[in-house]
Amino acid sequence: MGDVIVSRRDRRRRAVSQRILVSTDLDRLRRCGHRVNGIILSCGSVWACPVCSARIRHARLRDIMSTVEVAGQTVMLTCSLPADETDLLAPLLDMLLRSWSKVINGQPWKRAERRWHIGGFLRVVEATRSVRAWHVRIRVLMTLSVRLDESERRAFSAWMDSRWRKATGTFGRFALRFNPVRTAIASFVLQEDGATGGRVTPFRLLDDDGLGLPASERERLWVEYCTATTRRRCFTWSHGADA
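Residues numbered from 1 in each chain as written. Predicted model: local features only at pLDDT ≥ 70, side-chain atom pairs only at ≥ 80, totals over all residues. Heavy atoms only, no water.

> Please explain the environment of Ala-228 as it appears in this structure.
Within the fold, Ala-228 resides in helix α8 (residues 215–229). Sequence spacing of Ala-228 and Gln-73 is 155 residues, and the spatial spacing of their C-alpha atoms is 35 Å. With residues near it in sequence (within four places) discarded, Ala-228 still touches Leu-89, Ala-90 and Leu-93. (Helix = DSSP H or I, 4+ residues; strand = E, 2+ residues; numbered from the N terminus. Contact = heavy atoms within 4.5 Å.)

> What exactly am I supposed to notice about the side chain of Arg-204 here?
With respect to the helices and strands, Arg-204 occurs in the loop between α7 (182–190) and α8. Within the structure, the side chain of Arg-204 is placed 2.8 Å from the side chain of Asp-207, a separation counted as a polar contact. (Polar contact = N/O pair within 3.5 Å; in protein donor to acceptor, adjacent residues only side chain to side chain.)

> What am I meant to see in the pattern of salt bridges here?
Note that side chains of opposite charge can pair when their charged atoms are close. Overall, the coordinates contain 17 salt bridges when judged by the stated rule. The salt bridge partner of Arg-232 is Asp-94, with a shortest N-O separation of 2.9 Å. A residue pair is termed long-range when its members are at least 10 positions apart, and Arg-232 in the loop between α8 and β7 (235–237) and Asp-94 in helix α4 (residues 89–103) qualify at 138 residues. Overall, the relative accessible area of 32% leaves Asp-94 in the partly exposed class. Where Arg-115 meets Glu-152, a salt bridge forms, and the shortest distance between an N and an O atom there is 3.1 Å. With Arg-115 in helix α5 (residues 107–116) and Glu-152 in helix α6 (residues 150–167), this residue pair connects regions lying 37 residues apart in the sequence. (Salt bridge = Lys/Arg side-chain N within 4 Å of Asp/Glu carboxyl O. Buried < 20%, exposed > 50% of the residue type's maximum accessible area, 1.4 Å probe, protein only.)

> What's the story with the packing of α4 against α8 in this structure? I'm lost.
Helix-helix packing: each pair is described by the crossing angle between the helix axes and the interaxial distance. Viewed as axis vectors pointing N to C, α4 and α8 meet at an angle of 35 degrees, and their least axial separation amounts to 9 Å. In the packing of α4 onto α8, the handedness of the crossing is right-handed. Listed contacts from α8 to Leu-89, Ala-90 and Leu-93 of α4 are Glu-224, Tyr-225, Ala-228 and Thr-229. Partitioning the contact of α4 with α8 into residue classes produces five nonpolar, one polar and one charged. (Axes fitted to C-alpha atoms, helices over the stretch in contact; angles between N-to-C directions. Left-handed = near helix turned anticlockwise from the far one by under 90°. Nonpolar A, V, L, I, M, F, W, Y, C, P; charged D, E, K, R; others polar.)

> I would appreciate a short explanation of the packing of helix α1 (residues 8–20) against α8 in the present structure.
The contact between α1 and α8 brings their axes to 10 Å, and the two run at 90 degrees. In terms of orientation, α1 lies roughly perpendicular with respect to α8. For the pair formed by α1 and α8, the contact residues are Ser-17, Arg-19 and Ile-20 on the first element and Glu-219, Trp-222 and Val-223 on the second. Looking at the contact of α1 with α8, its residues break down into three nonpolar, one polar and two charged. (Parallel < 35°, antiparallel > 145°, perpendicular 65-115°, else oblique.)

> What exactly am I supposed to notice about the pairing of strand β3 (residues 73–80) here?
Side-chain positions along a regular strand alternate between the two faces of the sheet. Among the eight residues that make up β3, eight are buried, leaving the element largely enclosed by the rest of the structure. Burial along β3 is two-sided: the residues Gln-73, Val-75, Leu-77 and Cys-79 and Thr-74, Met-76, Thr-78 and Ser-80 are all buried. Examined bridge by bridge, β3 and strand β5 (residues 134–144) share eight bridges and lie antiparallel to one another. What sits directly across from Thr-78, in β5, is Arg-139. The sheet contact formed by β3 and strand β6 (residues 173–178) spans six bridges and is antiparallel. Paired with Leu-77 across the strands is Leu-176, a residue of β6. (Pairing = 2+ DSSP bridges.)

> Before we go on, may I ask you to explain α8 in this structure?
In an α-helix, one turn spans 3.6 residues; hence positions three or four apart end up facing the same way. Here α8 contains 15 residues, and its C-alpha end-to-end distance of 21 Å stays within 8% of the 21 Å for a straight helix at 1.5 Å per residue. Taken together, the buried positions of α8 are occupied by Arg-218, Leu-221, Trp-222, Glu-224, Tyr-225, Cys-226, Ala-228 and Thr-229. Those residues of α8 that are buried are in contact with α1, α2 (27–31), α4, β4 (118–129) and β5. (Expected span 1.5 Å × (residues − 1).)

> What is the right way to read the sheet that holds β4 from this model?
Strand pairing in a sheet relies on backbone hydrogen bonds. The paired strands run either parallel or antiparallel. Across the sheet, five strands lie side by side as β6-β3-β5-β4-β7; this open sheet has antiparallel pairing. Of all the strands in the sheet, the pair left with one neighbour each is β6 and β7. On average, adjacent strands in this sheet sit at an angle of 15 degrees to one another, irrespective of strand direction. The pairing of β4 with β5 spans eleven bridges and is classified as antiparallel. Its bridge partner being in β5, Thr-128 is matched across the sheet by His-135. Contacts from α6 reach β3, β4, β5 and β6 within the one sheet, and its direction differs from that of β6 by about 155 degrees.

Here it is in structure tokens:
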């Protein structure tokens, strides 16, 4: 990960984050980049440290690209939940992860693995923020050992849609894309800063113009985000590797 050049923007954002978190007990985030006894500390948070996140995400991108190159076919899934401005982030993430766990456990999933030759997947949990609400989703890059024909693609898509909606009590939203291009995979792993539909990545809360919100509100949301994501896995491979 050492060959990733960390931008000045990310270093500035880390400094802003540490200033905001100074009165919290999130010691690892507050001390990242500081030198102690000749050693530069690293928090290793892909969620809440702009510097560590950039390094980890680029390393994961290299991992997944090497896996995609030998796969028969790749599928990108997006599984999300509806948002309400009264929802706190931590319960939303809990609900999202419980729902995904329901999808990939049990005999129906084992039969799906055999029928569609599912080799494995990388699951990424994402949280974004609009002016009024948190938005959470799981994005999955799945590898298949064979190429599905058109009828099997439709069958797989319909099955996954039904499975996600059942896991979320019909409230979940689902999208699927076969054979995503390399730029789409890079965007999926790196989670770029660009806003979509008025939503931004949480790191934008560390910028003066983040969502046009006053500093006090942005700081409150940042503390909520850091607290809600502490000790959670962002990246998870189906065979157990995570970050």
